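Tertiary structure, described
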Amino acid sequence: MIWHGRAVKICFPVLCLVLLVATARADTEAEEILKAARTNPLGQPVVLSAQLRANGHKVPFQIAVRDGKISYLFENPSQEILLGLGETSSTLEERKGGKTQPLAPARYDDSVRGGLLTYEDLAMRFLYWKNPKLLGEEKVGPSTAYKIEIPAPPTATEYGVVRVWVDKNTGALTKIEGYDRNGRLSKKFTVVSVQQIDGQWMLKSMSVERVDPETGKAVLRTYLDILGKSSPSAAVSERPAGGKQ
């Protein structure tokens, strides 16, 4: 086959235009999927009993969904973290002694009660980062999920890139992977099981793994467990969501 110089000059821009249009469409779809994922946790008002669990040590706390915010309430010492999920950004506030103040950005990398979860993880800021890309669809447990890659902004964050898997049917996050600035996997969040409470499907157990970037193996693991409603009358049913505890 002989390529005519003039034909190449005409066809190449057309090919570029097709690729650009396809990319723009994929990026727009990725934005819409992430937008749905941001609003997914804000269902009907509910107060849940929960715990962070690692190496036999358990930290009990409560999660309350109310007034368009998610509240994490800890004791010993008393602490309340308020997460707001807006249209364009998330907010993280701390309430102590009756006073509510924004959480200082310098604390975003701090651990929440000594586990692998950080305040940045709670804030889910990665759901608002710019230029997400839809990489396709993958099976996560029994469900199919959208796989989206989100580059980190050039600001203070432990990640260089975050990949998220969003369930096609529910819009819920089913897996999250954080990569360092060298593109190596450093932390992984996986939904182990989900449950139905008051007609809503929600998380039951999620594992958080710190991964050694050199070997790709998990070196530390924390679990976030939702134990049910604080009310003893809650009716709970469970189903697996891939992965083993």
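Below you will find a few notes about this structure. Throughout this document, residue positions are counted from 1 along each chain, in the order its sequence is written. The predicted origin of the model limits local features to residues at a pLDDT of at least 70 and limits the giving and counting of side-chain atom pairs to 80 or more, whereas totals for whole chains, interfaces and linings rest on all residues. Side-chain measures here rest on the full set of heavy atoms in the structure, leaving out hydrogens and waters.

1. What about the packing of aromatic side chains?
- Put simply, two rings from Phe, Tyr or Trp (the six-membered ring, in Trp's case) pair if the centres are within 6.5 Å, and we call them stacked under 30 degrees between planes, edge-to-face over 60, tilted for the rest. In the structure shown here, the tally under the stated rule is three aromatic pairs.
- Pairing Phe61 with Tyr72 gives two aromatic rings, centres 6.5 Å apart and planes at 40 degrees, and the pair type is tilted. Of the two residues, Phe61 is situated in strand S2 (residues 57–66) and Tyr72 in strand S3 (residues 69–74); the sequence distance between them amounts to 11 residues. There is no split in this pair, since Phe61 and Tyr72 are both buried.
- Aromatic side chains Phe126 and Trp129 sit 6.5 Å apart centroid to centroid with 75 degrees between the ring planes, which places their arrangement in the edge-to-face category.
- With a 1.4 Å probe rolled over the protein chains alone, any residue whose accessible area is under 20% of its type maximum counts as buried; one over 50% counts as exposed, and the rest are partly exposed. The exposure class of Phe126 is buried, given its relative accessible area of 5%.
- An aromatic cluster of at least three residues, connected via ring pairs, comprises Phe61, Tyr72 and Phe74.
- Here the guanidinium or amino end of Arg107 rests over the ring plane of Tyr119, the centre of that ring lying 5.4 Å away.
- Looking at Arg163, its charged tip hangs above the ring of Tyr179, at a distance of 5.2 Å from the centre. A run of H or I in DSSP counts as a helix once it spans at least four residues, and a run of E counts as a strand once it spans at least two, with each numbered from the N terminus. Each ring is checked for a lysine NZ or an arginine CZ that lies within 6 Å of its centre and within 35 degrees of its normal; such an atom marks a charge sitting over the ring.

2. Remarks on the pattern of salt bridges
- Every case where a carboxyl oxygen of Asp or Glu lies within 4 Å of a side-chain nitrogen of Lys or Arg is listed as a salt bridge. In this structure the tally under the stated criterion is 18 salt bridges.
- A salt bridge links Asp121 to Lys187, with the nearest nitrogen and oxygen atoms 3.0 Å apart. Placement of Asp121 in helix H2 (residues 119–123) and of Lys187 in strand S11 (residues 185–197) is noted, with a sequence separation of 66 residues between them.
- Under the relative-accessibility criterion, Asp121 is labelled buried at 8%.
- Judged by its relative accessible area of 0%, Lys187 is buried.
- Residue Glu214 pairs with Arg184 through a salt bridge whose shortest N-O separation is 2.7 Å. Residue Glu214 is found in the loop between strand S12 (200–211) and strand S13 (218–229), and its partner Arg184 is found in the loop between strand S10 (173–179) and S11; the two are separated by 30 residues along the sequence.
- One network of salt bridges, in which partners are shared, links Asp121, Glu158, Lys187 and Arg210.

These results come straight from atomic positions and should not be treated as a statement about function.
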